[in-house]
Amino acid sequence: MRSSPLPRMSRRGRVTVGVLVGVFLLFTLLGWGVQAWTDWLWFDEVNFTQVFTDVLVTRILLFAAVGVAMALLVGGNLWLAYRLRPVLRPHSAEQATLERYRMVLAPRIGSWISALAVIVGLFAGLSAQSRWSQWLLFRNGGSFGVKDPEFGIDIGFYVFQFPFWRYLLGVGFTAVVLSVIGALAVHYVFGGVRLQGVGDRMTNAARAHLTTLVAVFVLLKAVAYVLDRRAMLLEFNESVNTYGAGYADINALLPAKEILAYISVVVAIAIIVFSNAVMRNLVWPGISLALLGISAVAIGGIYPWAVQTFEVKPSLKDKESQYIQRSIEATRASFGLAGTQTAPYGAGNLKPPATLATDTSVVPNIRLLDPQLISETYTQLQQVRGFYDFGPKLDIDRYTVNGATQDYVVGMREINYGELTTQQSNWINRHTVFTHGYGLVSAPANQVVCGGQPFFVSGFLGDQAQQTCSSSTEQIPAEQPRIYYGEQMDDSDYAIVGQTDENRHVEFDRPTGGDAEGSGGQTSYTYTGTGGVEIGSFTRKLLYAIKEQESNFLLSAAVNDNSKLLYVRNPRERVEKVAPFLTLDGDPYPALIGGRIQWIIDGYTTAATYPYAEQVNLQTETADELTGRGTFQLARENVNYIRNSVKATVDAYDGTVKLFEFDEGDPVLKAWNKAFGGDLVVPKSQIPADLAAHFRYPADLFKVQRNLLAKFHVTDPSEFFSGQDFWEVPNVPDAPDTGQRQPPYYLFTQLPGQDSPRFQLTSAVTPASRQNLAALISGSYVNGQPQLQVLELPDQTAVSGPVQVHQKMTNNAAIRQELNLLSSNQAQVQYGNLLSLPFGDGMLYVEPVYVKSNQQNAYPLLQRVLLSYGDGGEYVVLANNLQDGIKQLVEQGKAAGANQPPGGTPPAPPGDNPPSSPSPGATPSAPPALTGELAAAAQKVQSAIAEVEAAQASGDVERWGRSLKTLDAALTEFQAAQRAAGVPGSTPTGSTPSPTVTPGAPPATPSG
């Protein structure tokens, strides 16, 4: 008995469903339309409409092209399966059960197939439109001018072409798989495929259809094998912890992929021929597929495993040496490390030189103000109103004042909408009155006044400073100090500016007549900038009322014919919207250029498909103590190519965005510029000189490069394989147990090998799993080009790293006692940046010490400066200021003893009594100068002592024993040289004891 078809929906039901669907589509399309319209208006304001239109058009075209193609392929195969249905079907219980489904589907089969095809096409199109960046690079990418070391293909293929080809291949696989599943289901429902009954289980038509789809799938697999050969150069080589194909990959897996590609083509042909022309069954096609699977396992799996296990592992270093070299060279090229200048720095002088007191290139520029700690100080001393805020971290820049260039700590006095009172937070006040901040506040980074406060020189709220501890006039004056765009603003902090009456100003500008909270008067202001979207018309008011879901756009008198709407006011978000293809640095900074405050944001072009290059995660590599404390955390993006190709600026007053080309040779930026019409970025040659003077080496790029240099400064494959010379970034010196890495620090200083002081980003690194200093890495600009420099200390150095230096300085008995006095129950001690400065063939360490009272609204004040020279332990002072500390260090060096060889006094032999003190009034004889053989012997003693201390720190007992023997021999040679030089008090010839030196406790034997 036939089952009746499903009942038809009543007319009222159909109308109800139609209305509900219509309302849903109306609100959905209305939301999309409003968003698109307001986006267009915003892009028109910043003059980047081509970015908006090109991205939108590309998304629409990809959505349509891939969606329609997927819908046609899947829908066409479903329709073909229905058309190939058998006219007569054998009677069986199975077919009787399926009859009810056929009765539902058959009358409206076209509608069902169309609906399924539309759904599949919709999801495929949504996925495709998100690939707009890959498509634009695919179309506009060019050549890198560098070829991969295996196939000789230009790197541009991997960066621009390869990702989109892989995506298209994935789309093809998806289309075939969905077609096979859908066609099989239709054939089954309409009798083309049967599980029961007499005769064949599949009709000839169904078999031809399905086997053809399977053959297409196998052909796509052949294409995948070809692309996999290229992808091997991007994969991780676990055997040596590098990226790129290794020995087994090149010599076993690579030919296996090629063989499998040919086998796949043969199998595809066999499936079609045997299933339709010769045998007309599925036995041989099934055997062909089974052979392909067996071949994939044997040729593509077992054979490479055997080569890796029996040929590579027994001689891993030799077999992989060539491929390690490829990874080293590719990584150094892709991350901009190839031009790194590496120079040895002995750091053998452990005694403070007298030239410290007279130096004019390093010591005068030592930065004492910590941008993170003194943000509270800026807020308390320069806030004036509770809604002003400087953020959790300030910035470092350099300015030339009165002919002298030096570091300045700069901060923006911005509006913090979260600090508005309840009365101030109503809609009128929040969006039309409190619209902007005021002033770029700056202070010299190496100067404090009034008991440890910064010496403010700019950003005053009046014509003159209101405090006795500040400059009497603006030393860095701004023609337009108002801040309508800043880091403290988010998406909800839009501002409505503009008035109908020019004599009526409603915007709060700045307080006057007093500096206490709530005291004095205030001035008002009306925005006159070119930025902002005009919203005077009723249409615009309605548009933004819908966008912001706020009726006051239509009802409030504050929105008038001259009104403008300022939104997307965070400078980083503003650039991100204008240039969505850039990865932006997490630390934008302000600079005063031509009298106007400009935000400067570093933009990176990145890629993840550079052959053999190390792949890193930007979020992990750039995280340190400051992440989230005034710096933005980068997204979890895996890259193996990065360039600081763009310097973007945002005007703090009118929001003007400009993109300046910085890396003229970056192929990725060239591709993006071409994709958006060719004039997206301003050429580097047109960068204003006063803007270029404030460019600085970007922090996040430097962190990535520094972390990679910790491994890839080793360029010899054998040494790289052993890993014994790898470095690591030390933890925060005053809190090493937190596991947070020490941030790099900006300094205006002169390092060894540099002609003059530079504004540079610097970081210390230590040997892996050790704490002594290994090298100093700095990044700066030379003639407008980035320059990385590495000062590498000898392997046997005993110079302490940042964590050790901090511990040695703060654990000094006298210093610890004074620090305890500073940190009482009413105050706490805070440590600023620990600076590692090479000077006089040694290391100078400077660490400012702040004291913050526990009272409410207290702020840190610079009270002391910790200084150390040499290994961080022998010459240490805690001074009231830097000048006194330098003098004390020099005096300690002079008092160390003129007869001592450089590096300290050699330990006395056992049994020797220490020399007695001279009688009162006795005149000590002047020591002879160390020259000739005596100087050479003294140098050997110095090196031997350094090796003993390094061996002791390393925990290597065997090395420690060898170093003691070397020191013993050096001391003997030094005493012999003293006798030969006629030094008074030296041991007579023939009576020199054999010294047994013990400079310290033996190193602990490593456990386990």
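Residues numbered from 1 in each chain as written. Predicted model: local features only at pLDDT ≥ 70, side-chain atom pairs only at ≥ 80, totals over all residues. Heavy atoms only, no water.

Trainee: Run through the state of the cysteines, naming residues and quoting values.
Mentor: Scanning all chains against the criterion turns up one disulfide. What pairs with Cys 450 in a disulfide is Cys 469, and their sulfur atoms sit 1.8 Å apart. Here Cys 450 and Cys 469 share a disulfide; its torsion about the S-S bond, -105°, makes the bridge left-handed. Of the two residues, Cys 450 is situated in the loop between β10 (448-449) and β11 (453-454) and Cys 469 in the loop between β11 and β12 (482-483); the sequence distance between them amounts to 19 residues. (Disulfide = S-S within 2.5 Å. Helix = DSSP H or I, 4+ residues; strand = E, 2+ residues; numbered from the N terminus.)

Trainee: Let's hear about the environment of Tyr 101: which residues, and what values?
Mentor: Of note, Tyr 101 is situated in helix α3 (residues 93-105). Along the primary structure Tyr 101 and Val 189 are separated by 88 residues, whereas in three dimensions their C-alpha atoms are 7.4 Å apart.

Trainee: Give a description of the sheet that holds strand β16 (residues 533-534) that names residues and reports values.
Mentor: Reading across from one edge, β13-β17-β16 is the order of the three strands in this open sheet, with antiparallel pairing throughout. The open sheet has two free edges, formed respectively by β13 (495-497) and β16, since each of these has just one partner strand. Alignment of β13 against strand β17 (residues 564-566), held across three bridges, turns out to be antiparallel. The residue of β17 that forms the bridge with Ile 496 is Leu 565. (Pairing = 2+ DSSP bridges.)

Trainee: Please give an account of unusual backbone geometry that cites residues and values.
Mentor: Look at Asn 241: it is not a glycine, yet its phi comes out positive at around 55°. Inspection of the secondary structure puts Asn 241 in the loop between β1 (236-237) and β2 (242-243). For Asn 241, a relative accessible area of 46% corresponds to the partly exposed category. Even without glycine at this site, Tyr 612 takes up a positive phi of about 70°. Residue position: Tyr 612 is located in the loop between β20 (596-607) and β21 (616-617). (Buried < 20%, exposed > 50% of the residue type's maximum accessible area, 1.4 Å probe, protein only.)

Trainee: Kindly report on the sheet that holds strand β9 (residues 440-444), identifying the contributing residues and their values.
Mentor: Spatially, β5-β6-β9 is the arrangement adopted by the three strands of the open sheet, whose pairing is antiparallel. Edge positions in the open sheet fall to β5 (395-401) and β9, since each of these has one partner strand only. With strand direction ignored, the average angle separating the axes of adjacent strands in the sheet is 45°. When β5 meets strand β6 (residues 404-412), the two strands line up antiparallel, connected through seven bridges. The residue bridging Tyr 399 from the neighbouring strand is Gln 406, located in β6. Strands β6 and β9 of the sheet are contacted by helix α11 (residues 375-382), whose axis makes an angle of about 120° with β9. (Axes fitted to C-alpha atoms, helices over the stretch in contact; angles between N-to-C directions. Contact = heavy atoms within 4.5 Å.)

Trainee: Got a sec to walk through the pairing of β5? Specific residues and values, please.
Mentor: The buried fraction of β5 amounts to six of the seven residues, a majority that puts the element mostly inside the structure. Between β5 and β6, which pair antiparallel and follow one another directly, the connecting turn spans two residues, one of which, Asn 402, has a positive phi of 55°.

Trainee: Any chance you could break down a nonpolar patch on the surface for me, citing the residues and the numbers?
Mentor: Together, Leu 30, Phe 538, Leu 542, Ile 546, Leu 554 and Leu 555 give the surface a local cluster of nonpolar side chains, amounting to about 570 Å² of exposed area. Elements that contribute at least two residues to the nonpolar patch include exactly α13 (538-548) and α14 (552-555). Among the elements that line the nonpolar patch, the one with the most residues is α13, at three residues. Here Ile 546 is to be found in helix α13. (Patch = residues over 30% accessible without salt bridge, like charges linked within 9 Å, V, L, I, M, F, W, Y side chains within 5 Å. Areas by Shrake-Rupley, 256 points an atom, 1.4 Å probe, with all protein chains shown as cover. Salt bridge = Lys/Arg side-chain N within 4 Å of Asp/Glu carboxyl O.)

Trainee: Give me helix α22 (residues 813-822): which residues, what numbers.
Mentor: All of the buried residues along α22 are Ile 815, Leu 819 and Leu 822. Looking straight down α22, one finds its buried side chains confined to an arc of 50°; they lie on one side. Facing away from the buried side of α22 by over 90 degrees, the exposed positions are Ala 813, Ala 814, Gln 817 and Leu 821. Buried-residue contacts for α22 involve α21 (802-810), β30 (827-831), β32 (842-853), β33 (861-869) and β34 (875-879). At the N-terminal end of α22, a side-chain oxygen is found 3.1 Å from the backbone nitrogen of Ala 814, two or three residues along, and the residue is Asn 812. (Arc of directions from axis to C-beta. Polar contact = N/O pair within 3.5 Å; in protein donor to acceptor, adjacent residues only side chain to side chain.)

Trainee: Please set out helix α6 (residues 155-189) residue by residue, giving values where relevant.
Mentor: Taking 1.5 Å per residue, 35 residues should reach 51 Å; α6 reaches 51 Å between its end C-alpha atoms and fits that length. The sharpest bend along α6 comes to roughly 50°, located at Gln 161, with the proline Pro 163 sitting one to four residues further on. Where α6 starts, the residue carrying a side-chain oxygen 2.7 Å from the main-chain nitrogen of Gly 156 turns out to be Asp 154. Positive phi shows up at Gly 191, right after α6, with a value of about 90°. (Expected span 1.5 Å × (residues − 1). Bend = angle between axes of the 7 residues up to and from the residue.)

Trainee: Any chance you could break down the nonpolar core for me, citing the residues and the numbers?
Mentor: Ranked by internal contacts, the top residues of the largest apolar core, which has 192 residues, are Leu 659 and Phe 676. For Phe 676, the residues in contact, after removing those within four places along its chain, are Gln 50, Val 51, Asp 54, Val 55, Trp 132, Leu 136 and Phe 581. By size, the runner-up hydrophobic cluster in this structure holds 24 residues, among which are Tyr 345, Leu 776, Leu 791 and Tyr 831. (Core = buried A, V, L, I, M, F, W, Y, C linked by side-chain atoms within 4.5 Å.)

Trainee: Got a sec to walk through the confidence of the model for the chain? Specific residues and values, please.
Mentor: The pLDDT averaged across the chain works out to 85; a share of 86% of its residues lies at or above 70. With pLDDT under 50 throughout, residues 898-929 is counted as low confidence; its partners more than four residues away or in other chains account for 26 contacts. Low pLDDT, under 50, characterises residues 984-1008; the stretch is placed with 36 contacts to residues that sit more than four places away or in other chains. (pLDDT = per-residue confidence, 0-100.)

Trainee: Hey, could you go over the pairing of strand β28 (residues 775-782) for me, with residue numbers and the actual values?
Mentor: Within a regular beta strand, the side chains point alternately toward one face of the sheet and then the other, so they alternate between its two faces. Across the eight residues of β28, seven count as buried, placing the element largely inside the fold. Where strand β27 (residues 758-767) meets β28, five bridges bridge the pair, whose relative direction is antiparallel. The partner of Leu 761 across the bridge, within β28, is Gly 779. As paired elements, β28 and strand β29 (residues 785-792) share eight bridges and run antiparallel to each other. Looking across to β29, one finds that Ser 780 is bridged to Gln 787. Between β28 and β29, which pair antiparallel in sequence order, lie two residues; one of them, Asn 783, sits at a positive phi of approximately 55°.

Trainee: Outline the pattern of salt bridges, listing residues and values.
Mentor: As enumerated under the stated definition, the model contains 24 salt bridges in all. When the shortest N-O distance is used, the salt bridge between Arg 696 and Asp 395 registers 3.9 Å. Of this pair, Arg 696 sits in the loop between α18 (689-692) and α19 (699-712) while Asp 395 sits in strand β5, and the two are 301 residues apart along the sequence. Exposure remark for Arg 696: the relative accessible area of 2% places this residue in the buried category. With a shortest N-O distance of 2.9 Å, Lys 703 and Asp 624 are connected by a salt bridge. Taken together, the positions of Lys 703 in helix α19 and Asp 624 in the loop between α16 (618-622) and β22 (638-639) put the pair 79 residues apart, joining distant regions of the chain. Considered together, Lys 703 and Asp 624 belong to a single accessibility category, that of buried residues. Beyond isolated ion pairs, a larger network of salt bridges with shared partners links Lys 393, Asp 395, Asp 587 and Arg 696.

Trainee: Go over the packing of aromatic side chains with me, naming the residues and quoting the values.
Mentor: With the rule as written, the count across this model stands at 43 aromatic pairs. For the pair Trp 135 and Phe 164, a centre-to-centre distance of 5.3 Å together with 50° between the ring planes defines the contact as tilted. Note that Trp 135 is positioned in helix α5 (residues 132-140) and Phe 164 in helix α6, a separation of 29 residues in sequence. Between Tyr 484 and Tyr 653, the aromatic rings sit 5.4 Å apart at their centres with planes inclined by 80°, giving edge-to-face as the arrangement. Here Tyr 484, found in the loop between β12 and β13, pairs with Tyr 653, found in the loop between β23 (641-651) and β24 (657-661); they are 169 residues apart in sequence, far enough to count as distant. Using a relative accessible area of 4% as the deciding quantity, one classes Tyr 653 as buried. In this arrangement the basic side chain of Lys 684 is found over the ring face of Phe 662, its NZ or CZ atom lying 4.5 Å from the centre. (Phe/Tyr/Trp six-rings, centres within 6.5 Å; stacked < 30°, edge-to-face > 60°. Lys NZ or Arg CZ within 6 Å of the ring centre and 35° of its normal.)

Trainee: Which residues make up the environment of Pro 352, and what values go with them?
Mentor: For Pro 352, the position within the fold is in the loop between β3 (341-344) and α11. Leaving out residues up to four positions away in the same chain, Pro 352 has contacts with Tyr 869, Tyr 875, Leu 889, Val 890 and Gly 893.

Trainee: Lay out the packing of helix α2 (residues 49-83) against α5 in plain terms, naming residues and giving numbers.
Mentor: For the pair α2 and α5, the least separation of the axes is 10 Å and the interaxial angle reads 100°. Here α5 runs roughly perpendicular to α2, going by the angle between their axes. Of the residues in α5, those touching α2 at Val 55, Thr 58, Arg 59 and Leu 62 are Trp 132, Trp 135 and Leu 136. Considering only residue class, the contact of α2 with α5 consists of five nonpolar, one polar and one charged. (Parallel < 35°, antiparallel > 145°, perpendicular 65-115°, else oblique. Nonpolar A, V, L, I, M, F, W, Y, C, P; charged D, E, K, R; others polar.)

Trainee: So what's going on with the packing of α2 against helix α4 (residues 109-129)? Residues and values would help.
Mentor: Closest axis-to-axis distance for the α2/α4 pair is 7 Å, and the angle between their directions is 150°. α2 and α4 meet at a crossing whose hand is right-handed. Packed against α2, whose contacting residues are Arg 59, Leu 62, Phe 63, Val 66, Gly 67, Met 70, Ala 71, Val 74, Gly 75, Leu 78, Trp 79 and Tyr 82, the element α4 presents Ile 109, Ile 113, Leu 116, Ala 117, Val 120, Gly 121, Leu 122, Ala 124, Gly 125, Leu 126, Ala 128 and Gln 129 at the interface. (Left-handed = near helix turned anticlockwise from the far one by under 90°.)

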